[in-house]
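Below are the chains, spelled out letter by letter.
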Amino acid sequence: MFKNYLTIAYRNLLKNKVFSLINILGLAIGMAACLLILQYVSFELSYDDFRKPNIYRLVEYSYQDGEMMSSRAQTTPAIAPAMKRDLPEVVSAARVVHTKPLMSDPVMQIDDRSFHEDKIYFADSSFLELFSYHMLQGDSEKALTQPNSVVISATMAHKYFPNQEALNQMLIFHQGERGKIPLTVTGIFEDIRANSHLHTDFLISFNTIPWNLDEVWDWGNFYNYIALSSDSNPESVEAKIPDFLKKYLGDYIEEARKTGFTFDLDLQPIQNIHLDSDLQAEAEVNGSRRLVEFLTIVAFFILLIAWINYLNLTTTKSIERAKEIGIRKVVGSTRSQLIRQLMTEALLINLLAMGLAFTFSQLLSPAFRNFSGSNFGFTFHPTLGWGALLLFLSGTLLAGLYPAFVLTGYQPVKVLKGKIQHAKQGLILRRSLVIFQFAASIALIIGTLAVQQQLTFMRQQDLGLSLKQTLIVKGPGMKDSTYQSYMTYFKNEAKQLPSVQQVVVSSNVPGQEVSWGRSFYLPANPENEQGANIIAVDEDFLDLYDVKFLSGRNFSESFSTDKDAVIFNESAIRLLGFENPESAIGQTVIWHEDDQNHLSKVIIGVVDNFHQQSLKKEIKPLIFALKRYIDAHWAGEYYSLKLNTKNYPAAMKQIRENWKQAFPNSPFDYFFLDDFFNAQYHADQQFGKIFSLFTSLAIFIACLGLFGLSSYMTLQRTKEIGIRKVLGASLQDIIKLLTQEFIKVIGVASLIILPIAYLAIHHWLENYAYRMYIPWWLLVLPVLLVWFLAMLTISFQTLKAALANPIESLRYE
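Residues numbered from 1 in each chain as written. Predicted model: local features only at pLDDT ≥ 70, side-chain atom pairs only at ≥ 80, totals over all residues. Heavy atoms only, no water.

J.: Which residues make up the overall build of the chain, and what values go with them?
T.: Check the secondary structure of the chain and you find 24 helices and 24 strands. Every one of the 813 residues in the chain was classed for burial, and the buried ones make up 53%. Considering only contacts in the chain between residues 6 or more positions apart, those separated by 24 or more positions represent 80%. Looking at the chain as shown, the accessible area adds up to about 37,500 Å², and 57% of this sits on carbon and sulfur atoms. (Helix = DSSP H or I, 4+ residues; strand = E, 2+ residues; numbered from the N terminus. Buried < 20%, exposed > 50% of the residue type's maximum accessible area, 1.4 Å probe, protein only. Contact = heavy atoms within 4.5 Å. Areas by Shrake-Rupley, 256 points an atom, 1.4 Å probe, with all protein chains shown as cover.)

Here you go:
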């Protein structure tokens, strides 16, 4: 019997080629798009799931008078070992710290080759076991126990030791002004997976750091991780943290509380870091759970639109099969047999569509990976995978059952007499489904335009400084006592080049998070001690970047007193209580370096707030100090060169030659600042591209279904159109007749979706510190676009019917 069902289903597919093609193609495109999105979403959800589930990162939240001041992913180096000692639930603990907070722009050297490396960390010996590193060579328990040991990734082993054994070889680690350290390679690990919140190429033993950090509680630049026993509850551990902190920092906590300052520590599961963490000093740029949820909704919409097409086309076309069903009933077929027959057809169409969808998704996965900028594979997050399978099976069942029950519900006597009419409930359902399709299409277009407009808004805003034609060269990591003279030599030589307008040196450049900070207070009001980030600069930094002064003056070599001078941005002076920039000039502030050193500084200038980071971040208090007069040996170092030429290749060649003359052993690494700054929007741009792509697919699928639906609706009214034309109806009358229902449906869909879309966009924009106002056209344009596409889609059949000779449609009457 099943073979018979398949044979009949196959014949029906061939008999109605256009109908079958539209159904199968629409479902296949919808399923393929859904599969691609789910691959991407599954990858985002899988971050760190290959590691143990009971690992937590310690994060710190600071408050002033109950209002959150900061939230940091980094904490002090004493915390992890102390928790391991004091809390029985903690079975393992490890610290890692990037080399940059300890020294400026470290360089790895092998023989006469040297490279700036961004993924160098100091790590406790327990870190390899805690994070489940897969060691290709070496012992994970012993590799980082001795000072001057380093474990490297397989890629770095090939880079530094091609065609030779890397284990037990020597690397030279340059620490800038701190000199160099010989490191012995004690292990090689498999490259870290793409779905990890922390990627490392070099792990140097923690005891290589020349200080004992186990009792240091006031240096918050370290990532602390702990593992709890399998029977421990993280909430109960968090409940012990206040007493734990009081044990080590009781006096500090009490003194700070008097000024309204408090802080606490939380345990953050590492599996939640990528999608749920957006703290200061994150190890890498994280994703966004909200964006993943948006894409999941888009995937659901696309699949739903495809199924709605199937439902609408099948039920609309049901009148053509009504006589077939009526005859089958007359000759003895039961309703259950007919339902099984129609369900077999639905299953066949869905299976064919699913086969095509898997083929499409496999073929398009490489292109989609490049398009999305993600390195995901054809894998599914277990929960998401089972959910998608359940959704597919239930969707197939529902999409097949409804047309089957509609068709088998016709009375054979009425069908064979040609008196069949569509039930009112069926018409309402089809109309509701079409309304949903239009509403979903409008919502997706609004979402796409909103993402693009917010990106445009952020990129077109005045940053408060100039980034154009600025070349950034990373400072030399290989330094000695002659460095200052060679730095001056390079700056002077570069300024002599006709292509270079100005050269400055600084610890940070725009587009970077400033990780170095200190607290400041006024001598008359020590209780109001406020934290601010510091950028170490030279005299021409603010001029090169065209930063606007609100009051006071810039640094100058003419003033010997500038060694004790600082320049504040407007946000910083507001924190200290100054009412206006002018009142801050000449005032003394106390620079709280550490418990033993409180340095007096004089404010000589106040600059306007500018965006050090993207417009997703709020402008923070910033302080500028002259680099050569402060202890910033561990801060970053960057040379900013303002170019005045478009001939970049020639300029780069000249600058590179000057660099090699000044720093012959240091790598020449550079980037252009505008590209670097705009890279902060890369994740948003990728999301906008993905959202736009699948919105276009959703609209295409909807138009495909609309084309089929309008074709059959027009076909059903062929005789009516012929009669109207004979009675004198004009071409405009016929077009109005055939399109007015779709116009009404679009109007209803717009009224439903526009308020919802407005609220959704408003909620999404709250993620941005600086955001656009929602313009009226952002809501109106998608409605007009959907109306235009709908009219364009149905115009072929509409014009064909309106221009047809009425004699042809009425001939057999």
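J.: Can you explain helix α18 (residues 648–662)? Please cite residues and give values.
T.: The terminal C-alpha atoms of α18 lie 21 Å apart, and with 15 residues this matches the ideal 21 Å at 1.5 Å per residue to within 8%. For α18, the complete set of buried residues consists of A651, M652, I655, N658, W659 and A662. Viewed along the axis of α18, the buried residues span an arc of 130°, placing them on a single side of the element. Of the exposed residues in α18, the ones pointing more than 90 degrees away from its buried face are P649 and K653. On the buried face of α18, the contacting elements are β14 (470–474), α14 (483–495), β15 (500–506), β23 (638–643) and β24 (670–672). (Expected span 1.5 Å × (residues − 1). Arc of directions from axis to C-beta.)

J.: Mind laying out the pattern of salt bridges, listing which residues take part and the relevant values?
T.: All told, the structure shown has 19 salt bridges when counted by the stated rule. Here R95 and D124 are joined by a salt bridge, their closest N and O atoms 2.8 Å apart. One end of the pair, R95, is in strand β3 (residues 90–98); the other, D124, is in the loop between β6 (120–123) and α4 (127–130), and 29 residues separate them in sequence. Through salt bridges with shared partners, one network takes in R95, D124 and D214. (Salt bridge = Lys/Arg side-chain N within 4 Å of Asp/Glu carboxyl O.)

J.: Can you tell me about the pairing of strand β10 (residues 180–189), naming the residues and giving the values?
T.: A regular strand places its side chains so that they alternate between the two faces of the sheet. Pairing geometry for strand β7 (residues 135–137) and β10, over two bridges, is antiparallel. The residue of β10 that forms the bridge with M135 is F189. Where strand β8 (residues 149–153) lies against β10, five bridges are found, and the strand directions are parallel. Counted as the bridge partner of S149 is T184 from β10. As paired elements, strand β9 (residues 170–174) and β10 share five bridges and run antiparallel to each other. Bridge pairing links H174 to K180 in β10. (Pairing = 2+ DSSP bridges.)

J.: How would you sum up α14? Please name residues and give values.
T.: Here α14 contains 13 residues, and its C-alpha end-to-end distance of 18 Å stays within 8% of the 18 Å for a straight helix at 1.5 Å per residue. Within α14 the residues assigned to the buried category are Y483, M487, F490, K491 and A494. What you see down the axis of α14 is that its buried residues fit within an arc of 95°, all on one side. Buried positions along α14 lie against β15, β23 and α18.

J.: Before we move on, could you go through the side chain of D684 and cite the residues and values that matter?
T.: Looking at the element boundaries, D684 is found in helix α20 (residues 682–716). Polar contacts involving the side chain of D684 include one to the side chain of Y768, which spans 2.6 Å. Excluding its chain neighbours within four sequence positions, the residues that come into contact with D684 are V451, L455, K616 and Y768. (Polar contact = N/O pair within 3.5 Å; in protein donor to acceptor, adjacent residues only side chain to side chain.)

J.: Run through the environment of A439, naming residues and quoting values.
T.: With respect to the element layout, A439 can be found in helix α13 (residues 424–460). When its relative accessible area of 9% is taken as the criterion, A439 is described as buried. Between the C-alpha atoms of A439 and I746, which are 307 residues apart in sequence, the distance is 7.7 Å. Among all residues touching A439, those that are not within four sequence positions of it are A749 and I753.

J.: Please give an account of the environment of L144 that cites residues and values.
T.: Following the sequence through the fold, L144 ends up in the loop between β7 and β8. Accessibility expressed as a relative area gives 2% for L144, which makes it buried. Between the alpha carbons of L144 and N207 there is a distance of 8.6 Å; along the sequence they are 63 residues apart. Those residues in contact with L144, other than ones at most four positions away along the chain, are A123, D124, S125, L128, S149, V151, L203, I204 and S205.

J.: Describe the environment of M69, naming the residues involved and giving the relevant values.
T.: In this structure, M69 sits in strand β2 (residues 67–72). A relative accessible area of 43% means that M69 is categorised as partly exposed. Considering only alpha carbons, one finds M69 and F261, 192 residues apart in sequence, at a separation of 9.3 Å. Here M69 is in contact with S62, Y63, Q64 and F261, once residues within four sequence places are set aside.

J.: Please provide a residue-by-residue account of the nonpolar core, values included.
T.: Residues I37, I302, F438, Y545, F555, F624 and F694 are the most contacted members of the largest nonpolar core, which totals 104 residues. With residues up to four places along the chain from it excluded, the contact list for F438 reads L706, V745, I746, A749, V786 and A790. With 27 residues, the next largest nonpolar core counts Y61, A123, L130 and L144 among its residues. (Core = buried A, V, L, I, M, F, W, Y, C linked by side-chain atoms within 4.5 Å.)

J.: Can you explain the packing of aromatic side chains? Please cite residues and give values.
T.: Per the stated rule, a full pass over the model turns up 37 aromatic pairs. Where F127 meets Y133, the ring centres are 5.6 Å apart and the plane angle is 55°; that geometry is what we call tilted. Each residue in the set F490, Y639, W659, F663, F668 and Y670 is aromatic and connected to the rest through ring pairs, giving one cluster. In this structure, R553 packs its charged tip against the face of F559, placed 3.7 Å from the ring centre. (Phe/Tyr/Trp six-rings, centres within 6.5 Å; stacked < 30°, edge-to-face > 60°. Lys NZ or Arg CZ within 6 Å of the ring centre and 35° of its normal.)

J.: So what's going on with the packing of helix α3 (residues 79–86) against helix α6 (residues 234–258)? Residues and values would help.
T.: Axis separation between α3 and α6 bottoms out at 12 Å; the angle between their running directions is 110°. Of the possible angle classes, the one that applies to α3 and α6 is roughly perpendicular. For the pair α3 and α6, the crossing hand works out as right-handed. Two secondary-structure elements touch here, α3 through I79, A82, M83, R85 and D86 and α6 through I241, F244, K247 and Y248. Tallied by class, the residues present in the contact of α3 with α6 amount to six nonpolar, no polar and three charged. (Axes fitted to C-alpha atoms, helices over the stretch in contact; angles between N-to-C directions. Parallel < 35°, antiparallel > 145°, perpendicular 65-115°, else oblique. Left-handed = near helix turned anticlockwise from the far one by under 90°. Nonpolar A, V, L, I, M, F, W, Y, C, P; charged D, E, K, R; others polar.)

J.: An account of unusual backbone geometry is requested, with residue identities and associated values reported.
T.: Unusually for a residue other than glycine, N148 sits at a positive phi of about 60°. Tracing the backbone through its elements, the reader meets N148 in the loop between β7 and β8. On the accessibility criterion, N148 (28% relative accessible area) is partly exposed. The residue D546 is not glycine, and still its phi comes out positive at about 55°. Looking at the element boundaries, D546 is found in the loop between α15 (541–544) and β18 (549–552). Among the residues examined, D546 registers a relative accessible area of 55% and is labelled exposed.

J.: I'd like a rundown of the packing of α14 against α18, residues and numbers included.
T.: Two elements in contact, α14 and α18, have axes whose closest approach is 9 Å; the angle formed by their N-to-C orientations is 160°. With respect to α18, the axis of α14 lies roughly antiparallel. Considering the relative orientation of α14 and α18, their crossing is right-handed. Taken together, the residues of α18 that come into contact with α14 (itself represented by Y486, Y489, F490, E493 and A494) are I655, N658, W659, Q661 and A662.

Spatial relationships are all this shows, so hold off on functional conclusions.
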